[in-house]
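# Results of the structural survey
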Amino acid sequence: MLQRLYVHNFRCLENFELTMKEMSSALLIGKNGTGKSTIATALEVFQSIGRGINRVGQLVKSKDFTRGRYDVPIRLEIEVLLEEKLYKYVLALELPEKFKELRVFEEQLLVAGNPIYSRKEAQVTLYSSSQNRESQFLVDWHLVALPVIQEQSETDPLHTFKNWLAHTAVPAVMKYRLSRSTLPYFLIFDPFSTKYVAHKSGKCCIIILAPIPALMTGDSHGETLQPKRDSANIGEWFSGLLGRYPAAYRDVDKYLREVMPDFQDFLNELIGKEFKSLIVRFAENNATLNVNFQDLSDGEKCFFLCAVVLAANKFYGSVFCFWDEPDNYLSISEVGHFITSLRRSFKDSGQILVTSHNPEAIRKFSNENTFVLDRKSHLEPTLIRLLSDIPVTGDLINSLICGDIEL
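Summarised in this report is the structure supplied together with it. Since the structure is predicted, the reported quantities are computational estimates derived from the model, not experimental observations.

### Brief notes about the packing of helix α5 (residues 248–259) against helix α6 (residues 298–315)
Between α5 and α6, the shortest axis-to-axis distance is 9 Å and the interhelical angle comes to 140°. As the angle between them shows, α5 and α6 are arranged oblique. Here the hand of the crossing between α5 and α6 comes out right-handed. Residue-level contacts link A248, R250, D251, V252, Y255, L256 and V259 of α5 to F303, F304, C306, A307, L310, A311, K314 and F315 of α6. The residue inventory of the contact of α5 with α6, partitioned by class, reads twelve nonpolar, no polar and three charged.

### Overview of helix α3 (residues 157–165)
A large share of α3 lies buried, amounting to seven of its nine residues. All buried positions along α3 are accounted for by L158, T160, F161, K162, N163, W164 and L165. For α3, the side-chain oxygen to backbone nitrogen distance between the N-cap and L158 is 2.9 Å, and the N-cap itself is D156.

### Considering the state of the cysteines
Applying the stated criterion across every chain yields a total of zero disulfides. Free cysteine: C306, not disulfide-bonded; nearest cysteine sulfur from C321 at 9.0 Å. C306 gets classed as buried once you look at its relative accessible area, which sits at 0%.

### Some words on the pairing of strand β19 (residues 351–355)
Of all five residues in β19, five are buried; the element is thus mostly enclosed. On β19, burial covers both faces: Q351, L353 and T355 on one face and I352 and V354 on the other are all buried. Pairing analysis gives four bridges linking strand β3 (residues 25–30) to β19, with the strands arranged parallel. Among the inter-strand pairings, A26 is bridged to a residue of β19, identified as L353. Of the pairings in the sheet, the one linking strand β18 (residues 319–324) to β19 comprises five bridges and is parallel in character. Within the sheet, the bridge partner assigned to F322 lies in β19 and is L353. As a crossover connection, the stretch from β18 through helix α7 (residues 332–345) into β19 is right-handed.

### Section: the packing of aromatic side chains
In the structure shown here, the tally under the stated rule is 16 aromatic pairs. Seen from their ring centres, F238 and F266 are 5.1 Å apart, and the 70° between their planes marks the pair as edge-to-face. With a gap of 28 residues between them, F238 in helix α4 (residues 234–244) and F266 in strand β15 (residues 263–272) connect regions that are remote in the sequence. When its relative accessible area of 0% is taken as the criterion, F238 is described as buried. In this structure F266 comes out as buried when scored by relative accessible area, which is 3%. Centre to centre, the rings of F303 and F338 are 6.1 Å apart; their planes meet at 45°, and the pair counts as tilted. With F303 in helix α6 and F338 in helix α7, the pair connects residues that are 35 residues apart, well separated along the chain. Residue classification places F338 among the buried positions, given a relative accessible area of 0%. Within the aromatic cluster, the residues linked to one another by ring pairs are F238, Y249, F263, F266, F293 and F304. Against the face of F99 rests R103, its NZ or CZ located 5.2 Å from the ring centre.

### Topic: the nonpolar core
In this structure, L256, Y316 and W323 are the most contacted members of the largest nonpolar core, which totals 60 residues. In terms of nonpolar packing, the next biggest core, distinct from the first, is built from 58 residues, F16, L76, Y87 and L93 among them.

### A closer look at the pairing of β15
In the case of a regular strand, side chains alternate between the two sheet surfaces. Bridge count for β15 against strand β16 (residues 275–284) is eight bridges, and the pairing is antiparallel. Considered in β16, the bridge of G272 is made with F275. Taken together, β15 and the strand that follows it, β16, pair antiparallel across an intervening segment of two residues, in which E274 is found at a positive phi of about 60°.

### Some remarks on unusual backbone geometry
The backbone of E84 sits at a positive phi, close to 65°, despite the residue not being glycine. Among the secondary structure elements, E84 is positioned in the loop between β4 (74–82) and β5 (85–94). On the basis of relative accessible area, E84 is assigned to the exposed category, the value being 79%. Phi angles above zero are rare outside glycine, and E121 is one such case at about 55°. Turning to its location among the elements, E121 is positioned in the loop between β7 (114–120) and β8 (123–128). Given the relative accessible area of 30%, E121 is considered partly exposed.

Conventions adopted
Residues numbered from 1 in each chain as written. Predicted model: local features only at pLDDT ≥ 70, side-chain atom pairs only at ≥ 80, totals over all residues. Heavy atoms only, no water. Axes fitted to C-alpha atoms, helices over the stretch in contact; angles between N-to-C directions. Helix = DSSP H or I, 4+ residues; strand = E, 2+ residues; numbered from the N terminus. Parallel < 35°, antiparallel > 145°, perpendicular 65-115°, else oblique. Left-handed = near helix turned anticlockwise from the far one by under 90°. Contact = heavy atoms within 4.5 Å. Nonpolar A, V, L, I, M, F, W, Y, C, P; charged D, E, K, R; others polar. Buried < 20%, exposed > 50% of the residue type's maximum accessible area, 1.4 Å probe, protein only. Polar contact = N/O pair within 3.5 Å; in protein donor to acceptor, adjacent residues only side chain to side chain. Disulfide = S-S within 2.5 Å. Pairing = 2+ DSSP bridges. Right-handed = clockwise from strand over helix to strand, strands pointing away. Phe/Tyr/Trp six-rings, centres within 6.5 Å; stacked < 30°, edge-to-face > 60°. Lys NZ or Arg CZ within 6 Å of the ring centre and 35° of its normal. Core = buried A, V, L, I, M, F, W, Y, C linked by side-chain atoms within 4.5 Å.

This is the structure in structure tokens:
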């Protein structure tokens, strides 16, 4: 999974490097404004590219340069371990004088140290190890090349990497399961060719979450395997998850029973053409209560989201999840179990990176997988160090409260 993230000249991150080798879970802590959410934004750039967004202006804005320093390119690098091979993707963006929109300065994808393709401004070079040859073509310098390079097969490193960046969505009412002999393929309607084409489920993916419960209604007009960062499409995500992996219902049900003792079950009712709404049912003393998902408390919605994340990590095959403050809407007594469940689920499969200001959440991580972010002022870049490398005297939480931990 994620081995390394490098970000330079992007908002408050300068020469910033996050290394998560052999970590199934990790925690980011630090004061407000130190860049925790900016890390998610940098990851979201990669995710958006994987989902086919390749216009540079849709990925990064001129305001994203650190303190308006346009003479130095924004540089984003990510290294991930997929199928026991190290994938390294590099993207550098610049804003030359008199340009209104950023353009690609450099781009490269390597697998196990071998280049798959490289790019300098508009010129892209493809490398073919099997035929020992190179081919070159030009791409508009305002477009990222990764989404437009044709994949040769499902074993093509380009396919593997793109699939990790963005789990492929399943369009509503366009998904049909093929015969048992062809599983796990699905027929997807292609509106351009007006034909159904076979599609295979991905083996792993990246999920970025910073949920806003007020936006989580539980309603769905279709299906997807791609949750939005604010989780506003949890209804579509849940419908897509169950549509692709029906057995996920059992895992979601099991978790919700653990955290809500009076939970009975839930329904994803069809209440209109291609329109569904989640209803949660509670029962106690032979009495039942039906509650629309949108009427649940903020914390209860986060419980439901957690259940879907855990199920996705199991049934997608492997997930890298960045969750910004997962404990934000929970009571103190619920935080510990919530964080422990997340860490336990990702221990043997997948990887999770979370941020938190909550003492109970912080205590659930060790010094060896807790990263401290520090920023002296808004005019200085963010620094990062493992907590195990920082001398802390006395109780960690008290040190954080008093602001005694500095890098």
